[in-house]
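Coordinate inspection notes
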Amino acid sequence: MPAADIAPFDTVMPFSASRMMAVSAHGTIMRTVSGPIDVERTARHIRRDGSEEISIMLIAAGRGYVEQGNNGALLRPGDLTFRAMGQPGAAGSRDGYDEIRLMVPRAAFLEQVGNPQDVVGRKLGDTPLKGLLKAYLGALASSVSTMSEAETGIAVEGVLHLLRGVIHGQAGSAEGELSTEAVRSLALAHIQRRLHEPDFGPNALAAALQISRSRLYAAFSGGQGIAATIRDARLDRAHDRIVMMGSAGARIGSIMASCGFTDPAAFSRAFRQRFGFSPRDLTAQGRGWGAVQNGGYRSEDTRRLPLRA
C-alpha cells in the first residue's frame, strides 16, 4: 500500500488482512479486515500521491485508534471517525479490526458536509441519526459492487447528507486551546502507538503532544493518573496477545517485550495484580476475563475483554 507506512505491531503474532474495494468517480468504498497493524501517512506520502480525499471510517469490529493534527481518539465497534489524506496522520488497531471506509473528494466534503478540519482525528458521539448513517454505510459496502455509476453517486450523496445532519447535531468543535477532554482523548490514542517502547512514559507523551506536563497530568487527574494508564494499557495488550497466541503456544517473553516491559518479575507481578492470575496461568489454563472469581472484577472497571475468534 503506497499511500502509507504500514506495519504489524510486532512479529510475535501471525498476521493476515483482506480488502474489498469499489472505485467510482464519486468516491471509493472499502471494507478491510486486518490483524493488529499500525498505519502512518507522512508528508512524504502526501507529496508523492497528492491525495486530498477525506476518509469516513466506520469500525465494524475490533478496537483501534486514530490521530491527526490536534485530535485523537480510541475507537470501538460502531464508532465513526475521519481522516484527511492531505495531511499527516496515523491510525491502527492493537487487536485486529473490520472497517468500512468511504473516501470522498475534499471538495465534495466541503460542499455537502462542511470543513473537514472540524472532525478529522475525532469520533462522533452517539445520536439516532448516527445509527442510521452506520446502517447506510454497511448497506452501501455490501451492494456497491452491483451499482451503476449513477446509483453510486446517489448513494454517496446520501451518505454525505446524513453525515451533515450528524455533525451539525453535535456540539460545535472547540476552537483555540485544546480542552482537557481533547487532551485526554489525543493522549489515549497516542499511547496505543508507543506501548512497545520501554522508555515511553508521561514525559515522552507530553513532548509528543507538545503540551506541558501539568496539562497532561490535569487531563488524567480524575482517575488513576497517566503513568498508571500507560502501565495498564501495556498489561491489557499483553493479556490480549497471550489469549490470541494461546492455540499456537504463547511466548510470554516475546509478548512481554513487545508491550514495553523489560523486567519479567515486575511484569508478572503487575499482571497478577491487574487480572488476578499470572501470565503463565492464562497460557496454561486458557483462563480469560471470566476466570477471576470472588469479585476480582467490578462492573465499573475499564479493563478490556479478551479477544474472541
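Residues numbered from 1 in each chain as written. Predicted model: local features only at pLDDT ≥ 70, side-chain atom pairs only at ≥ 80, totals over all residues. Heavy atoms only, no water.

1. Observations concerning the pattern of salt bridges
This model, assessed by the stated rule, comprises 14 salt bridges. Between Arg193 and Glu40 there is a salt bridge, with the nearest N and O atoms lying 3.1 Å from each other. On the criterion of sequence distance, the pair formed by Arg193 in helix 5 (residues 180–194) and Glu40 in strand 4 (residues 37–41) is long-range, its members being 153 residues apart. Arg193 gets classed as buried once you look at its relative accessible area, which sits at 17%. Glu40 gets classed as partly exposed once you look at its relative accessible area, which sits at 30%. (Salt bridge = Lys/Arg side-chain N within 4 Å of Asp/Glu carboxyl O. Helix = DSSP H or I, 4+ residues; strand = E, 2+ residues; numbered from the N terminus. Buried < 20%, exposed > 50% of the residue type's maximum accessible area, 1.4 Å probe, protein only.)

2. Let's talk about helix 4 (residues 149–169)
Under the 1.5 Å per step criterion, the end-to-end length of helix 4 is 30 Å for 21 residues, consistent within 8% with the ideal 30 Å. Along helix 4, the residues classified as buried are Thr152, Gly153, Ala155, Val156, Gly158, Val159, Leu160, Leu162, Leu163, Val166 and Ile167. (Expected span 1.5 Å × (residues − 1).)

3. Focus: the nonpolar core
Counting residues in each nonpolar core, the largest one holds 30 residues, and the members touching the most others are Ile56, Phe109 and Leu163. Where this core is concerned, the elements lending two or more residues are strand 5 (54–68), strand 7 (80–84), strand 8 (89–104), helix 2 (106–112), helix 3 (128–143) and helix 4. Of the residues forming this core, the biggest block, 8 residues, is contributed by helix 4. Discounting residues that sit within four places of it in the chain, Ile56 has contacts with Leu80, Thr81, Phe82, Ile100, Arg101, Leu102, Val104, Phe109, Leu137, Leu160 and Leu163. One finds Val183, Ala206, Leu209 and Ile230 within the second-largest nonpolar core, a separate group that totals 17 residues. (Core = buried A, V, L, I, M, F, W, Y, C linked by side-chain atoms within 4.5 Å. Contact = heavy atoms within 4.5 Å.)

4. Here we look at helix 10 (residues 264–275)
Its 12 residues place the ends of helix 10 16 Å apart at the C-alpha level, agreeing with the 16 Å of an ideal helix rising 1.5 Å per residue. Of all the positions in helix 10, only Phe267, Ala270, Phe271, Arg274 and Phe275 are classed as buried. For helix 10, the angular spread of the buried residues around the axis is 110°, confining them to a single face. The exposed residues of helix 10 that point more than 90 degrees off its buried face are Arg269 and Gln273. Of the residues one or two after helix 10, Gly276 is the one with positive phi, at around 90°. (Arc of directions from axis to C-beta.)

5. Re the environment of Ala208
In this fold, Ala208 is placed in helix 6 (residues 202–209). Classification of Ala208 by relative accessible area gives partly exposed; the value is 33%. As a C-alpha pair, Ala208 and His190 span 18 residues in sequence and 8.5 Å in three-dimensional space. Not counting residues within four places of it along the chain, the set of residues in contact with Ala208 comprises His190 and Arg194.

6. Digging into the environment of Phe82
Along the chain, Phe82 turns up in strand 7. In this structure the C-alpha to C-alpha distance between Phe82 and Val120, which are 38 residues apart in sequence, comes to 4.7 Å.

7. Here's the deal with the confidence of the model for the protein
Overall, the predicted model of the protein reaches an average pLDDT of 83, with 86% of residues at or above 70. This model gives residues 171–176 a pLDDT under 50, and the stretch forms 2 contacts once residues within four places in sequence are excluded. Low pLDDT (under 50) marks residues 287–309, which in the prediction has 43 contacts with non-local residues, meaning those over four places away or in another chain. (pLDDT = per-residue confidence, 0-100.)

8. Let's talk about the packing of helix 3 against helix 4
Running from amino to carboxyl end, helix 3 crosses helix 4 at an angle of 160°, the nearest separation of the two axes being 9 Å. Considering the angle they form, helix 3 stands roughly antiparallel to helix 4. Here helix 3 and helix 4 pass one another in a crossing that is left-handed. Across the interface between the two elements, Leu129, Lys130, Leu132, Leu133, Tyr136, Leu137 and Leu140 from helix 3 touch Ile154, Ala155, Gly158, Val159, Leu162, Leu163, Gly165 and Val166 from helix 4. (Axes fitted to C-alpha atoms, helices over the stretch in contact; angles between N-to-C directions. Parallel < 35°, antiparallel > 145°, perpendicular 65-115°, else oblique. Left-handed = near helix turned anticlockwise from the far one by under 90°.)

9. Observations concerning the packing of aromatic side chains
In this description, a pair of aromatic rings is defined by centroid distance and the angle of the planes. Tallied over the entire structure, the rule returns 6 aromatic pairs. Residues Phe271 and Phe275 carry aromatic rings whose centres are separated by 4.6 Å and whose planes lie at 55° to one another, so their mutual orientation is tilted. Taken together, the residues Phe271 and Phe275, both in helix 10 and 4 residues apart, mark about one turn of the helix. Taken as a pair, Phe271 and Phe275 share a single burial class, namely buried. Through a chain of ring-to-ring contacts, the aromatic side chains of Phe261, Phe267, Phe271, Phe275 and Phe277 assemble into a single cluster. (Phe/Tyr/Trp six-rings, centres within 6.5 Å; stacked < 30°, edge-to-face > 60°.)

10. Examining the packing of helix 8 (residues 226–244) against helix 10
Direction vectors running N to C along helix 8 and helix 10 enclose 90°, while the axes themselves pass 10 Å from each other. Comparing their axes, helix 10 and helix 8 come out roughly perpendicular. Where helix 8 approaches helix 10, its residues Asp232, Leu235, Asp236, Ala238, His239 and Ile242 are matched on the opposing element by Phe267, Ala270, Phe271, Arg274 and Phe275. A class-by-class count of the residues in the contact of helix 8 with helix 10 yields 7 nonpolar, 1 polar and 3 charged. (Nonpolar A, V, L, I, M, F, W, Y, C, P; charged D, E, K, R; others polar.)

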